[in-house]
Amino acid sequence: ATVVSGSGFADKSTNASIRFWDLATTRCKRVISPLEAQVEKLAVPPDGRCLVVGTWDNRVRLLEFGSGAELRAFTPHRSPKEQRGICLSPDGRRCAVGHGDGTVKVIDLANGRCVDCRGHLAHVRRLSFSADGRWLATASDDYSLRLWDPRTGRLIAASFYRAWVTAVAFLGASYRVAIGFSNGT
């Protein structure tokens, strides 16, 4: 995974490390290594000041972008169910994490409070907030797409298909969702 912020970008390597790069020179500025666990997912909030990192030990860490200093860490899921997907709300205040057991956790990054979204029966790999942050769409290996209220965890709607839903994204400021499937459609 690679994420861009301002004049730099970050990527994860196969060991438990993150590299920070300068876009202008394309040189590696810093390597944070090793973290306690393999890096699974990366995301950057709109202000670009920090990096949200999901790791195989089920922790979500906020690192200062560039320096890699840890600002906060959360453990939203206590059992060993690895993270499969991660996304940030458009305002950067909440982080949604999809897990291997089908649960979705929405973390308030200011206070660490979690909201559970339960209903998927398999890995939740892709997640997307609507542009206003009001809805959360999740795609799972259970052949479903689900729409949630991320503030309460309430299921709003579910659609079922004949293939794994492998991609999901809200289209601009609308509430329309684009989806992709494992069979290429």
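1. Examining the pattern of salt bridges
The tally for this structure, following the rule as stated, stands at 6 salt bridges. Arg151 is the partner of Asp149 in a salt bridge, and the nearest nitrogen-oxygen pair spans 3.1 Å. Ionic contacts of the salt-bridge type, sharing partners, join the residues Lys105, Asp116 and Arg118 into one network.

2. Quick look at the sheet that holds strand E7 (residues 60–64)
Pairing within the open sheet is antiparallel, and its 4 strands lie in the order E5-E6-E7-E8. Single-partner strands in this sheet number two, and they are strand E5 (39–43) and strand E8 (70–74). Adjacent strand axes in the sheet meet at a mean angle of 20°, parallel and antiparallel pairs treated alike. Pairing between strand E6 (residues 50–55) and E7: 5 bridges, direction antiparallel. Looking at the pairing, Gly54 lines up with Val60 of E7.

3. Overview of the pairing of E6
Counting buried residues along E6, 6 of its 6 residues qualify, which places the element largely inside the surrounding structure. A two-sided burial pattern is seen for E6, the buried positions comprising Cys50, Val52 and Gly54 on one face and Leu51, Val53 and Thr55 on the other. Bridge count for E5 against E6 is 4 bridges, and the pairing is antiparallel. Its bridge partner being in E6, Val39 is matched across the sheet by Thr55. Two successive antiparallel strands, E5 and E6, enclose a turn made up of 6 residues, where Gly48 displays a positive phi of approximately 70°. Joining the antiparallel neighbours E6 and E7 is a turn of 4 residues, in which Asn58 adopts a positive phi near 65°.

4. With respect to the side chain of Asp22
Looking at where Asp22 falls in the secondary structure, it is placed in strand E3 (residues 18–22). One buried charge, Asp22, has no salt-bridge partner; the nearest side chain with opposite charge is Lys29, at 4.6 Å. At 2.8 Å, the side chain of Asp22 and the backbone nitrogen of Ala24 are in polar contact.

5. Some remarks on the nonpolar core
Grouped together as the largest cluster of nonpolar side chains are 12 residues: Ala43, Cys50, Val52, Val60, Leu62, Phe74, Ile86, Leu88, Cys95, Val97, Ile107 and Leu109. Mapped onto this core, the elements with two or more residues apiece are E6, E7, strand E9 (83–88) and strand E10 (94–99).

6. Digging into the sheet that holds strand E13 (residues 124–129)
Pairing in this open sheet of 4 strands is antiparallel, and the strands run E13-E14-E15-E16 from one edge to the other. Each edge of the sheet is formed by a strand with only one pairing partner; in this case those strands are E13 and strand E16 (154–160). The average angle at which neighbouring strand axes cross in this sheet is 20°, direction not considered. As defined by bridge partners, strand E15 (residues 144–149) adjoins E16 across 6 bridges and the pair is classed as antiparallel. For Leu145, the partnering residue across the bridge sits in E16 and is Ser159.

The rules behind the values
Residues numbered from 1 in each chain as written. Predicted model: local features only at pLDDT ≥ 70, side-chain atom pairs only at ≥ 80, totals over all residues. Heavy atoms only, no water. Salt bridge = Lys/Arg side-chain N within 4 Å of Asp/Glu carboxyl O. Pairing = 2+ DSSP bridges. Helix = DSSP H or I, 4+ residues; strand = E, 2+ residues; numbered from the N terminus. Axes fitted to C-alpha atoms, helices over the stretch in contact; angles between N-to-C directions. Buried < 20%, exposed > 50% of the residue type's maximum accessible area, 1.4 Å probe, protein only. Lys, Arg positive; Asp, Glu negative; His and termini not counted. Polar contact = N/O pair within 3.5 Å; in protein donor to acceptor, adjacent residues only side chain to side chain. Core = buried A, V, L, I, M, F, W, Y, C linked by side-chain atoms within 4.5 Å.

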